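Letter by letter, the chains look like this.
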Amino acid sequence: MSNVKNIQVNALDGSALNLADFTGPLLVVNVASKCGLTPQYTGLEELAKTYGDRGLTVVGMPCNQFMGQEPGTADEIATFCSTTYGVTFPLLEKADVKGEAQHPLYAELTKAADAEGEAGDVQWNFEKFLVDASGTVVNRFRPRTEPGAPEVISAIEAAL
């Protein structure tokens, strides 16, 4: 597996964002504004605030591939996230996380297996990938795993 932090990404506003500029671990999550799991934004923001000063960066990638649950424009997504959930962590440009147009970041992330040993396509919105400081995917958590779940917290603690 290659260094995830070397993959080119753009911020939600379209500007280039270099993941290697984040020296600590990353928690990369495909997000959506109109999903039953959307309240996980609260937990993700808590993680960003709790562990940010220790080096963790939460990174959200909006995706509209799951029942059209992220239909908004970049401005609409940014406004929703900041006003509804107080999101301060970086959001990437909306992109596909599976299929023919899969973003290169997710092509690399999805090579990692979850706790059951399963790699492959993202199952739904809010799948979480923990990337260590060196850019290696070290954990994968399926969508229904809450950001504050003990296994997520212990994995973050171990990566810091």
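Rules of the game
- Residues numbered from 1 in each chain as written.
- Predicted model: local features only at pLDDT ≥ 70, side-chain atom pairs only at ≥ 80, totals over all residues.
- Heavy atoms only, no water.
- Pairing = 2+ DSSP bridges.
- Helix = DSSP H or I, 4+ residues; strand = E, 2+ residues; numbered from the N terminus.
- Axes fitted to C-alpha atoms, helices over the stretch in contact; angles between N-to-C directions.
- Contact = heavy atoms within 4.5 Å.
- Buried < 20%, exposed > 50% of the residue type's maximum accessible area, 1.4 Å probe, protein only.
- Polar contact = N/O pair within 3.5 Å; in protein donor to acceptor, adjacent residues only side chain to side chain.
- UniProt positions renumbered as here; feature names shortened; annotations may be inferred.
- Phe/Tyr/Trp six-rings, centres within 6.5 Å; stacked < 30°, edge-to-face > 60°.

**Topic: the sheet that holds strand β3 (residues 26-31)**
Then, number 1: In space, the four strands of this open sheet follow the order β4-β3-β5-β6, with mixed pairing throughout. At either end of the open sheet lies a strand with only one pairing partner, and these are β4 (57-62) and β6 (137-141). Geometrically, the sheet is characterised by an average inter-axis angle of 20° between neighbouring strands, direction not taken into account.
Then, number 2: Sheet strands touched by helix α4 (residues 150-159): β5 (128-131) and β6. Its angle to β6, the strand with the most contacts, is close to 170°.

**What to know about the side chain of His103**
Then, number 1: By the element assignment, His103 lies in the loop between α2 (74-85) and α3 (104-109).
Then, number 2: The exposure class of His103 is buried, given its relative accessible area of 16%.
Then, number 3: Residues in contact with His103, not counting those within four places in the same chain, are Ile7, Gln8, Val9, Met61, Ala95 and Asp96.

**Regarding the side chain of Arg140**
Then, number 1: As for its placement among the helices and strands, Arg140 is situated in strand β6.
Then, number 2: With a relative accessible area of 4%, Arg140 lands in the buried category.
Then, number 3: A distance of 2.7 Å separates a polar atom in the side chain of Arg140 from the backbone oxygen of Ala112.
Then, number 4: A distance of 2.7 Å separates a polar atom in the side chain of Arg140 from a polar atom in the side chain of Glu127.

**Focus on the UniProt feature "active site" (unreviewed entry) in the protein chain**
Then, number 1: The UniProt entry lists Cys35 under the feature "active site" (unreviewed entry), expressed in the numbering used here.
Then, number 2: In this structure, Cys35 sits in the loop between β3 and α1 (40-51).
Then, number 3: Looking at Cys35, the relative accessible area reads 8%, which means it is buried.
Then, number 4: Those residues in contact with Cys35 that sit more than four places away from it in its chain are Gln69, Trp124 and Asn125.

**Quick look at the packing of aromatic side chains**
Then, number 1: This structure, assessed with the given rule, holds six aromatic pairs.
Then, number 2: Ring centres of Tyr41 and Phe126 lie 5.5 Å apart, and the angle between their planes is 90°; this geometry places the pair in the edge-to-face category. Remark: Phe126 occurs in the loop between α3 and β5 and Tyr41 occurs in helix α1; sequence separation between them is 85 residues. Per residue, the accessibility class of Tyr41 equals that of Phe126, and both read buried.
Then, number 3: Measuring from ring centre to ring centre gives 5.3 Å for Phe66 and Trp124, while their planes differ by 50°; the resulting arrangement is tilted. Residue Phe66 is found in the loop between β4 and α2, and its partner Trp124 is found in the loop between α3 and β5; the two are separated by 58 residues along the sequence.
Then, number 4: On the accessibility criterion, Phe66 (2% relative accessible area) is buried.
Then, number 5: Judged by its relative accessible area of 27%, Trp124 is partly exposed.

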